[in-house]
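# Examination of the molecular architecture
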Amino acid sequence: MAAVATLLADNNKDASKFSPGPASSYPAKQTNDHVTVAASAYDTEELAHSAFGKLNPNQYGVLPVLVIIQNDTDQVLKLEHLDVEYTGADGRHVEATPADEVQTLGGTERPNVPTGSPIPIPIHRKHKNPLNVWEIDGRSFAAKLIPAHESAHGFFYFQTPHAPGSKFYLSGIKVASTGQDLFYFEIPLENPK
């Protein structure tokens, strides 16, 4: 798995610029059964630019949440059916938006009807969609397995602003050999600064 990650990083030098560090280095984390999950809301311009270059998804109503899963067990973990959710301080639950859908949120073709025309003929003008960049999909959480003593990271995207008192919820991690579910993770996210 590490060789595949190295090969991908060699093929795309831009992808190797973003390195979040180990889960244990984050203040917002939880450990269950020797598995640590860390979460960090990328809600500031500085954080967003560190992962997405010139793009700040928050300007378009999309909150990126970085998730790092560290497997300190001797078992392979399956991540095929993760359930993730952002819970606001008001108790409102927001499900993650898939990366391919996020890439369509920032702009679409908008009809423009010229004035003074006796027949209203819509004219479509293409607007560049700022969220349709490789970083949105390329940095999304995509791991399906985590080998023993390895980690995986990526972003989940939520259509909500970040607020103090919010939480990130994750469930669906299974031990690959037995199918046993691990306990869920509920991580209080740090106050936005």
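Please refer to the structure higher up on the page.
A quick note: this is a predicted structure, and the numbers were derived from the prediction, not measured.

## Overview of the pattern of salt bridges
With the rule as written, the count across this model stands at two salt bridges. Of the charged contacts, one joins Glu 80 and Lys 78 as a salt bridge, the two residues approaching to 3.7 Å between their closest N and O atoms.

## Notes on the pairing of strand β10 (residues 151-158)
For β10, the tally of buried residues reaches six of eight residues, placing the bulk of the element in the interior. Taken together, the eight bridges between strand β3 (residues 63-71) and β10 define a ladder with antiparallel strand orientation. Looking across to β10, one finds that Pro 64 is bridged to Tyr 157.

## Quick notes on the packing of aromatic side chains
A complete count under the given rule lists twelve aromatic pairs for this structure. Both rings, one in Phe 52 and one in Tyr 157, keep their centres 6.3 Å apart while their planes meet at 55°; by these two values the pair is tilted. A residue pair is termed long-range when its members are at least 10 positions apart, and Phe 52 in helix α2 (residues 45-52) and Tyr 157 in strand β10 qualify at 105 residues. Neither Phe 52 nor Tyr 157 differs from the other in exposure class; each is buried. Taken together, the aromatic side chains of Phe 18, Tyr 42, Phe 52, Phe 155 and Tyr 157 make up a single cluster linked through ring pairs.

## Some thoughts on the environment of Val 133
Mapped onto the fold, Val 133 is located in the loop between β8 (123-125) and α4 (134-138). Given a relative accessible area of 22%, Val 133 falls into the partly exposed group. Considering only alpha carbons, one finds Val 133 and Gln 103, 30 residues apart in sequence, at a separation of 7.1 Å. When residues no more than four places from it in sequence are discounted, the contact partners of Val 133 are Leu 55 and Gln 103.

## Here's the deal with the side chain of Arg 139
You can see Arg 139 is positioned in the loop between α4 and β9 (145-146). At 2.4 Å, the side chain of Arg 139 forms a polar contact with the backbone oxygen of Ala 51.

## Structural notes on the sheet that holds β3
In space, the four strands of this open sheet follow the order β1-β2-β3-β10, with antiparallel pairing throughout. Every other strand in the sheet has two partners, leaving β1 (29-32) and β10 as the edge strands with one partner each. On average, adjacent strands in this sheet sit at an angle of 20° to one another, irrespective of strand direction.

## So, the sheet that holds β9
Read from one edge to the other, the open sheet built from three strands follows the order β9-β4-β12, with strand pairing classed as antiparallel. Bordering the open sheet on either side are β9 and β12 (174-175), each of which pairs with just one other strand. Sheet topology note: the strand β4 (residues 77-78)/β12 ladder contains two bridges and is antiparallel. Its bridge partner being in β12, Lys 78 is matched across the sheet by Lys 174.

## As for unusual backbone geometry
Peptide bonds are mostly trans, and most non-glycine residues show a negative phi. One non-glycine residue with positive phi stands out, namely His 34, at about 65°. As for its placement among the helices and strands, His 34 is situated in the loop between β1 and β2 (35-41). Assessed through its relative accessible area of 58%, His 34 is described here as exposed.

Each value, and the rule that gives it
Residues numbered from 1 in each chain as written. Predicted model: local features only at pLDDT ≥ 70, side-chain atom pairs only at ≥ 80, totals over all residues. Heavy atoms only, no water. Salt bridge = Lys/Arg side-chain N within 4 Å of Asp/Glu carboxyl O. Buried < 20%, exposed > 50% of the residue type's maximum accessible area, 1.4 Å probe, protein only. Helix = DSSP H or I, 4+ residues; strand = E, 2+ residues; numbered from the N terminus. Pairing = 2+ DSSP bridges. Phe/Tyr/Trp six-rings, centres within 6.5 Å; stacked < 30°, edge-to-face > 60°. Contact = heavy atoms within 4.5 Å. Polar contact = N/O pair within 3.5 Å; in protein donor to acceptor, adjacent residues only side chain to side chain. Axes fitted to C-alpha atoms, helices over the stretch in contact; angles between N-to-C directions.

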